[in-house]
Amino acid sequence: LTTTGAYLYLNQNGSSWAPAVQIAATAAAPYTVGTNTDPDFISFRNNAYLSLLSNNGSGIFTESTLASTSTSTSLPASIAYAPAATTAKTGFIFLAAGAAGSHSIIQRSNTTFATPTGLTSSILPPNVLKVLAKDIDGDHFVDFALIPKSGSTIELYQNTTDTSFPAAPTAILTRTAIDGIQDAAFTDLNSDGKADLLLATASGLQLYTGNGKFTGLTANTSVTPKAISTVASSIVPADFTGDGNPDIFMSVSGANSILLVQTGSLTFSDITSTAFGNLLTGGTIAAYAADIDGNGYMDILELKSDGSIAVHTNNLKKK
């Protein structure tokens, strides 16, 4: 996603890419509809309609309107999709409001999409950065967490039945700092089977470990000083070494990105120079992890401020 819209790059064979296709959207999320497993996309169009880009399996996408969101008082800042736990072909699309307005939710039943339901909040987070879909409390129902750009409170719309959501969210974390949040991700960083929250803030990287309860996030400062002090513009938690421990790739504003490999028990080692040599050039505004070449290891994509994309393939070999 860029300020001029969304762009789709089709990976043709792991080493070459089709020309970019522009999609007029202000927010988008991966999604799969129907019985196929080909990845589709949900996009929020500038004309206040939610659209589905259906993939035919060959990288050809057909667009169709899902539902009008014109009842919302502001454009969504972020979109997230969550499949239902109890019923096949059912799920929820969450539209997080920006600086004003109510959050909305659309329920999917097979290929039918319900009109958005407005959700109200007495403590609506200002300037929502993104909404994250994650089962926070371990009940197998996917919840939606609202991550603000600034402020100390992170809120959650808890899903307990897959049939309805509360009108207002619950505060799951109140941080002592109110520094701006650049990015956020849920991951099981300490491999205990419970969701942890990783934040990239203006003060550096912050980790909040979970205990399986949606209000049980607690600050954890046992990561390395390098991770704590570096200001990241985006964070990508993934297992880049294949040892089962989640690692952290951080893009840094005005500097080269950093790769922190976890050696176990939340201990990290900076292997950036070893892994990349002089391949990192700075100017990265966002990063993503995906197995681009199909070798079983996670690769890294960097979106640069000039619009270019750098692809770093992971050359680890299967043992």
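Let us look at the structure shown here. Here the structure is a predicted model, which means the values were calculated and not measured. (Residues numbered from 1 in each chain as written. Predicted model: local features only at pLDDT ≥ 70, side-chain atom pairs only at ≥ 80, totals over all residues. Heavy atoms only, no water.)

## Thoughts on the overall build of the protein
So, step 1. Per the secondary structure count, the protein includes two helices and 26 strands.
So, step 2. Nonlocal contacts in the protein, meaning residues at least 24 apart in sequence, comprise 36% of its contacts between residues at least 6 apart.
So, step 3. When the accessible area of the protein is evaluated, it comes to approximately 14500 Å², of which 53% is carbon and sulfur surface. (Helix = DSSP H or I, 4+ residues; strand = E, 2+ residues; numbered from the N terminus. Contact = heavy atoms within 4.5 Å. Areas by Shrake-Rupley, 256 points an atom, 1.4 Å probe, with all protein chains shown as cover.)

## What to know about the nonpolar core
So, step 1. Counting 17 residues, the largest nonpolar core has Ile-154, Ile-172, Leu-173, Phe-186, Leu-197 and Leu-199 as the members making the most contacts within it.
So, step 2. At the level of elements, strand S13 (143-148), strand S14 (153-157), strand S15 (170-174), strand S16 (181-187) and strand S17 (196-201) are the ones that each hand at least two residues to this core.
So, step 3. Per element, the largest residue contribution to this core is three residues, and it comes from S16.
So, step 4. With near-sequence residues (within four places) excluded, Phe-186 lies in contact with Leu-132, Lys-134, Ile-136, Ala-145, Ala-195, Asp-196 and Leu-197.
So, step 5. Membership of the second largest hydrophobic core comes to 15 residues, among which are Ala-82, Ala-96, Ile-105 and Val-128. (Core = buried A, V, L, I, M, F, W, Y, C linked by side-chain atoms within 4.5 Å. Buried < 20%, exposed > 50% of the residue type's maximum accessible area, 1.4 Å probe, protein only.)

## Some remarks on the pattern of salt bridges
So, step 1. Summed over the entire model, instances satisfying the criterion amount to two salt bridges.
So, step 2. Between Asp-183 and Lys-130 there is a salt bridge whose closest N-O contact spans 2.9 Å. Taken as a pair, Asp-183 in strand S16 and Lys-130 in strand S12 (residues 128-134) lie far apart in primary sequence, 53 residues in all.
So, step 3. Note on Asp-183: relative accessible area 9%, which makes it buried.
So, step 4. A salt bridge links Glu-302 to Lys-304; the nearest nitrogen and oxygen atoms lie 3.5 Å apart. (Salt bridge = Lys/Arg side-chain N within 4 Å of Asp/Glu carboxyl O.)

## Re the sheet that holds strand S20 (residues 232-238)
So, step 1. In spatial order, the strands read S20-S21-S22-S23; together these four strands make up an open sheet with antiparallel pairing. A strand with exactly one partner marks an edge of an open sheet, and here the two such strands are S20 and strand S23 (267-270). Taking the axes of each pair of neighbouring strands and ignoring which way they run, one obtains an average angle of 25° across the sheet.
So, step 2. Pairing between strand S21 (residues 247-252) and strand S22 (residues 258-264): three bridges, direction antiparallel. Directly across from Met-250, in S22, lies its bridge partner Ile-258. (Pairing = 2+ DSSP bridges. Axes fitted to C-alpha atoms, helices over the stretch in contact; angles between N-to-C directions.)

## With respect to the pairing of strand S8 (residues 90-97)
So, step 1. Counting buried positions along S8 gives eight out of eight residues, so the element sits mostly inside the fold.
So, step 2. Here S8 shows a buried face lined by Thr-90, Phe-92, Phe-94 and Ala-96 and a second buried face lined by Gly-91, Ile-93, Leu-95 and Ala-97.
So, step 3. Two strands pair when backbone bridges link them, and strand S7 (residues 76-83) and S8 are joined in this way by seven bridges, in the antiparallel orientation. In the strand pairing of S8, Pro-76 is matched with Ala-97.
So, step 4. Bridging between S8 and strand S9 (residues 103-109) involves six bridges; their strand directions are antiparallel. Within S9, the residue paired with Ile-93 across the bridge is Ile-106.

## Points about the packing of aromatic side chains
So, step 1. In this structure the tally under the stated criterion is five aromatic pairs.
So, step 2. For the pair Phe-92 and Phe-165, a centre-to-centre distance of 5.1 Å together with 80° between the ring planes defines the contact as edge-to-face. Within this pair, whereas Phe-92 is found in strand S8, its partner Phe-165 is found in the loop between S14 and S15, the two being separated by 73 residues in sequence.
So, step 3. Looking at Phe-92, the relative accessible area reads 2%, which means it is buried.
So, step 4. Judged by its relative accessible area of 14%, Phe-165 falls in the buried class.
So, step 5. Ring geometry for Phe-94 against Tyr-157: centres 5.4 Å apart, planes inclined by 50°, an arrangement best described as tilted. With Phe-94 in strand S8 and Tyr-157 in strand S14, the pair connects residues that are 63 residues apart, well separated along the chain.
So, step 6. According to the relative accessible area criterion, Phe-94 is buried, its value standing at 0%.
So, step 7. Exposure remark for Tyr-157: the relative accessible area of 0% places this residue in the buried category. (Phe/Tyr/Trp six-rings, centres within 6.5 Å; stacked < 30°, edge-to-face > 60°.)

## Things to note about the environment of Ile-147
So, step 1. Note that Ile-147 resides in strand S13.
So, step 2. Under the relative-accessibility criterion, Ile-147 is labelled buried at 0%.
So, step 3. Along the primary structure Ile-147 and Leu-129 are separated by 18 residues, whereas in three dimensions their C-alpha atoms are 5.6 Å apart.
So, step 4. If we ignore the near neighbours within four places in the chain, the residues touching Ile-147 are Val-128, Leu-129, Lys-130, Leu-132, Ile-154, Ile-181 and Ala-184.

## Concerning the sheet that holds strand S19 (residues 218-220)
So, step 1. Spatially, S16-S17-S18-S19 is the arrangement adopted by the four strands of the open sheet, whose pairing is antiparallel. At either end of the open sheet lies a strand with only one pairing partner, and these are S16 and S19. Each strand axis lies, on average, 30° off the axis of its neighbour in the sheet, ignoring direction.
So, step 2. By the bridge criterion, six bridges tie S16 to S17 in an arrangement that is antiparallel. Across the sheet, residue Asp-183 finds its bridge partner in S17, namely Ala-200.

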